[in-house]
Amino acid sequence: MKFNHSFKLVSTDGNTRNYICSGTEAKIDILNESCIRVRLRKTDTVNDLQPKESETDAFGFGDITVKISLKNFLISYYKNGSRLFSDRAPLAYNLENEFGEGVFHYISREKGEKIYGLGDKSGYLNKSGKTFKIETTDSMGYDAENSDPLYKHVPFYICENSVGAYGIYYKTSRTATIDTGREHNNYYEHYKYFSTSGSELEYYVFFGTKLEILQQFCRLMGKQAFPPKWSFDYCASTMAYTDAPNAYEEMLGFIEQLKKYDLSCKGFYLSSGYTSIGDQRCVFNWNYDKFPNPKEFVDVYRENGIEIIPNIKPAFLVTHPMYKMLSDEGLFIKNPDGTPFLTQFWDNLGSYLDFTNPKAKAFWKKQVKEKLLDLGIVSTWNDNNEFDIKDCDAITFSGVKANTLRPTLTYKMAEASYEAQTEKFPTLRPFLSTRSGGAEIRKFAQTWSGDNFTSFNDLKFCHFIGLTMSLSGFFFYGHDLGGFSGEMPSRELLLRWLQHGVFEPRFTIHSWNDDGSATMPWSYPDIMPSVRKLFAQRARLIPYLYSCAYNAVENEIPLNAPLFLYYDDEEIDENGTYFMVGRNLIAACVFNEGESTAEVYLPKADDWYRKDEFYKGGRRVELKILPSDEAAYFVKAGSVIPVNTADYGFKMKEKIALKVYAKESGSFSEELFFDDGVSFEYKNNQCARLTVNVNCLENSVEIEVTNSGNMNLDYEVQLIDLKKRTKKLK
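Everything numeric in this text was worked out from a predicted model, so none of it was measured. (Residues numbered from 1 in each chain as written. Predicted model: local features only at pLDDT ≥ 70, side-chain atom pairs only at ≥ 80, totals over all residues. Heavy atoms only, no water.)

A. The arrangement of the overall build of the protein chain in detail. Secondary structure summary: the protein chain contains ten helices and 46 strands in total. For the protein chain, the C-alpha radius of gyration of 27 Å lies close to 27 Å, the compact-globule estimate for 730 residues. With the principal axes as the frame, the protein chain shows a C-alpha extent of 80 × 75 × 50 Å. The buried share among the 730 residues of the protein chain stands at 62%. Expressed as a percentage of contacts within the protein chain between residues at least 6 apart in sequence, the contacts between residues at least 24 apart total 67%. When the accessible area of the protein chain is evaluated, it comes to approximately 27100 Å², of which 45% is carbon and sulfur surface. The average position of the 85 basic charges and that of the 98 acidic charges among the side chains of the protein chain differ by 3 Å. (Helix = DSSP H or I, 4+ residues; strand = E, 2+ residues; numbered from the N terminus. Rg over C-alpha atoms; globule rule 2.2 N^0.38 Å. Buried < 20%, exposed > 50% of the residue type's maximum accessible area, 1.4 Å probe, protein only. Contact = heavy atoms within 4.5 Å. Areas by Shrake-Rupley, 256 points an atom, 1.4 Å probe, with all protein chains shown as cover. Lys, Arg positive; Asp, Glu negative; His and termini not counted. Charge placed at Lys NZ, Arg CZ, Asp CG, Glu CD.)

As structure tokens, then:
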């Protein structure tokens, strides 16, 4: 009977509880003391048990009690006796198409609750009261404040209300909708909901602090790939160079400009113009008019310490020289009649390679190896991989409709590139960048916020998009500094972008300006002293960022995060322009044109340093930050920051200093990581794992450094102390 479904607990098998109702089977799996999984699916089961209002089931773990009303299978969660959230009464699931076709899940919404996550969503951090489409799209030039959807497929969010926090992850590769409180209905309590097509629902519920919830979700998605150290230096890019007829000359000129301004650069994202045939972009095709000798080109860059990161795309235009062969081999996503499925791609029609087909995957790997890796390239830039297929008739090799597998196809593309790189260079950690994907793609690749727009407003809201990605499991991310689409950024905007970029995991200027120009560090020669100062500041911080990256991989601690992830302090402004970098730095930025001040709140749980000045926690500090200034940040008292103190420049070396920021009193410890920066040998303990123990006494600061790794490391210990106490090395 619609709206009146009677469930029965039929078995408990270990940590799994099974329930049935006419036409529906439900399961709850207790995965650990802070996570459960709920699954509902349609069956032919018949249950004649009459509903009774008092019929319930209940179980508990940790400080959570779960109660299930067997009428309509309504689950409620209580933390220390108070309701954290619950399924919406009297009906939360689409058990007999009461809500139309597809899958629905309605849950309670508390006034004033906050929602964080959902991938690369636009706007401020709190996503409450909005409706979002969970889908990937090529959204070049998007509005970072309002556009939706963007490039990521992440049906996961963290909710914080008056009782505590919980997280929900809906496991699906289908396009979905998540409403966080925009919709109201007079017949129900205030609610939020998830909906998608299909007939089965599977979701996970996480409990704990916001950080613990994020960490659980990340572990479910899989451990991140550990990027090589060189990828944290400046990595350049522009569409203009490879689109130019004299692309090779432009690329050689770039190196000369680096030398002229004495700038360090370790990577270059090679845009797709290198594959062009006329005005068409044909993946794996080297344009020999632009690059007469690709291997020589790669060698020149590597000789100058720069890795090429070539753009590759999963669709083949109908004009591509390999299109007919791939069609004849059946390697494309197909129509029901077996012909290749055609869709718009760039300025023509094309077909997507079907990565569920083992032969297509093998073809891709072969091309990556032969056309790129055999030249000495060790990285790939997996781009335009949203698999923008909405047609219900397109079929994959697996027999499943392509429009239900879009993030899965992206995942399999990245997996194929990753495998090609590890097979070709088994001792090197692969570096991959991907524009699209679900959170599970973190196992293979880092990402960025896509083709953003050049404006101050988009700088501001890209900042929040980045932190939202961090709260969704994408810890290794960045933005196209300066803006990708639109006009050349002004001097002020370019410098403000670079001040923010100093702290981003990915430090890359990339552009496709309307006038065909390339945004480069030297776009405005008169501000080069400021640009070089910011580049040097980034280089100094790389040892710290790299140690934080290791901590992110091993312990799921984001490189960039809002302060509230770590501090339960009501004075923190979640919409402020300050944010955490690792666990020990608070960065402050200015995002508005013509402004030069930034207000920073320093959490009361710690004290802080700004350069050599000491600040007690629990206060607001107003900083004056000119566009020409270095990027501004505070360091937590009771931390150790590894920095590179070598002279900055094109051929920069590394000279490590451990900067110990003393507390007023008491002891603390810091763990730091160093290795060769490129290999997997750290897993065999061929690395330096430093433990720095610090004891802050009345007249001295005792510092002891031990190394539990097998790699020797030269370093200097520097003490920063408001009391100017004596440094004693033990």
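Having seen the model, we can carry on.
B. Representation of the packing of helix H8 (residues 456-470) against helix H9 (residues 491-501) within the structure. Relative to each other, H8 and H9 sit at 10°, their axes nearing to 10 Å. One finds that H8 runs roughly parallel with respect to H9. When H8 is examined against H9, the residues Phe-456, Asp-458, Leu-459, Cys-462 and His-463 are found in contact with a partner set consisting of Glu-492, Leu-493, Arg-496, Trp-497 and His-500. By residue class, the composition of the contact of H8 with H9 is five nonpolar, two polar and three charged. (Axes fitted to C-alpha atoms, helices over the stretch in contact; angles between N-to-C directions. Parallel < 35°, antiparallel > 145°, perpendicular 65-115°, else oblique. Nonpolar A, V, L, I, M, F, W, Y, C, P; charged D, E, K, R; others polar.)

C. Region of interest: the pairing of strand S11 (residues 131-134). Alternating residues of S11 divide into Phe-132 and Ile-134, all buried, and Thr-131 and Lys-133, none buried. Where S11 meets strand S14 (residues 176-179), four bridges bridge the pair, whose relative direction is antiparallel. By the bridge assignment, Ile-134 is partnered in S14 with Ala-176. (Pairing = 2+ DSSP bridges.)

D. Fine view of the sheet that holds strand S4 (residues 35-42). With antiparallel pairing, the eight strands of this open sheet are ordered in space as S1-S2-S3-S4-S16-S13-S12-S10. Across the chains shown, the open sheet's two edge strands, defined by having one partner strand only, are strand S1 (8-13) and strand S10 (114-117). The average undirected angle you get between the axes of adjacent strands in this sheet is 20°. Pairing of strand S2 (residues 16-21) with strand S3 (residues 24-32), which is carried by six bridges, proceeds in the antiparallel orientation. Among the inter-strand pairings, Thr-16 is bridged to a residue of S3, identified as Asp-29.

E. Structural view of the sheet that holds strand S22 (residues 315-317). Taken together, the three strands give an open sheet; going across it, the order is S22-S24-S23, and neighbouring strands pair in antiparallel fashion. Across the chains shown, the open sheet's two edge strands, defined by having one partner strand only, are S22 and strand S23 (343-345). Going from strand to strand, the sheet's axes swing by 55° on average, the running direction of each strand aside. The pairing of S22 with strand S24 (residues 348-352) spans three bridges and is classified as antiparallel. Bridge assignment links Ala-315 to a residue of S24, and that residue is Tyr-352.

F. The arrangement of the nonpolar core in detail. Core analysis: the largest hydrophobic core is formed by 198 residues, its most contacted members being Tyr-234, Phe-254, Phe-297, Phe-316, Leu-353 and Leu-658. Of the residues forming this core, the biggest block, 16 residues, is contributed by helix H10 (residues 528-555). Sequence-distant contacts of Tyr-234, that is, excluding residues within four places in its chain, are made with Phe-254, Leu-258, Ser-264, Cys-265, Lys-266, Gly-267, Phe-507, Ile-509, Met-520, Pro-521 and Phe-535. Within the second largest apolar cluster, 49 residues are counted, among which are Leu-40, Ile-75, Val-103 and Leu-118. (Core = buried A, V, L, I, M, F, W, Y, C linked by side-chain atoms within 4.5 Å.)

G. Region of the structure containing the packing of helix H3 (residues 247-261) against helix H4 (residues 294-303). As a packed pair, H3 and H4 sit with axes 11 Å apart at the nearest point and diverge in direction by 10°. Taken together, the axis directions place H3 and H4 in an arrangement best described as roughly parallel. Where H3 approaches H4, its residues Tyr-248, Met-251, Leu-252, Phe-254 and Ile-255 are matched on the opposing element by Glu-296, Phe-297, Val-300 and Tyr-301. Residue composition of the contact of H3 with H4, by class: eight nonpolar, no polar and one charged.

H. Here's a closer look at the environment of Ser-272. Along the chain, the position of Ser-272 falls in the loop between strand S18 (267-270) and strand S19 (276-277). Look at Ser-272 and you get buried, because its relative accessible area is 2%. In this structure the C-alpha to C-alpha distance between Ser-272 and Leu-331, which are 59 residues apart in sequence, comes to 22 Å.

I. View of the environment of Tyr-78. Relative to the helices and strands, Tyr-78 is located in strand S7 (residues 74-79). Residue classification places Tyr-78 among the partly exposed positions, given a relative accessible area of 22%. Considered as a pair, Tyr-78 and Asp-179 are 101 residues apart in the sequence and their alpha carbons are 23 Å apart. Beyond its immediate sequence surroundings of up to four residues, Tyr-78 is in contact with Asp-63, Ile-64, Thr-65, Lys-67, Arg-83 and Leu-84.

J. Just the side chain of Asn-382, in detail. Positionally, Asn-382 belongs in strand S25 (residues 379-382). Judged by its relative accessible area of 0%, Asn-382 falls in the buried class. A polar contact is formed between the side chain of Asn-382 and the side chain of Thr-380, at a distance of 3.1 Å. Not counting chain neighbours up to four residues away, the residues in contact with Asn-382 comprise Ile-312, Trp-364, Met-413, Ala-414, Ser-417, Leu-432, Ser-433, Thr-434 and Arg-435. (Polar contact = N/O pair within 3.5 Å; in protein donor to acceptor, adjacent residues only side chain to side chain.)

K. The arrangement of the packing of aromatic side chains in detail. Going through the model one piece at a time under the given rule, you end up with 76 aromatic pairs. Ring centres of Tyr-248 and Phe-291 lie 6.3 Å apart, and the angle between their planes is 50°; this geometry places the pair in the tilted category. Here Phe-291 lies in the loop between strand S20 (280-281) and H4 and Tyr-248 lies in helix H3, a separation of 43 residues in the sequence. With relative accessibility at 1%, the residue Phe-291 sits in the buried group. Of the aromatic side chains, those joined through ring pairs into one cluster are Tyr-241, Tyr-248, Phe-254, Tyr-261, Phe-268, Tyr-274, Trp-286, Phe-291, Phe-297, Tyr-301 and Trp-522. In this arrangement the basic side chain of Arg-88 is found over the ring face of Tyr-106, its NZ or CZ atom lying 3.8 Å from the centre. Over the aromatic face of Tyr-566 sits the side chain of Arg-583, whose NZ or CZ is 4.1 Å from the ring centroid. (Phe/Tyr/Trp six-rings, centres within 6.5 Å; stacked < 30°, edge-to-face > 60°. Lys NZ or Arg CZ within 6 Å of the ring centre and 35° of its normal.)

L. Up close: the pairing of S25. Side-chain alternation along S25 places Ser-379 and Trp-381 on one buried face and Thr-380 and Asn-382 on a second face that is also buried. In this structure, strand S21 (residues 307-312) lies alongside S25, joined through two bridges in parallel fashion. Across the sheet, the residue bridging to Asn-311 is Trp-381, located in S25. Taken together, the four bridges between S25 and strand S26 (residues 431-434) define a ladder with parallel strand orientation. Bridge pairing in S26 places Ser-379 opposite Phe-431. For the handedness criterion, the β-α-β arrangement of S25, helix H7 (residues 406-424) and S26 is classed as right-handed. (Right-handed = clockwise from strand over helix to strand, strands pointing away.)

All quantities given are derived from atomic positions and should not be read as evidence of function.
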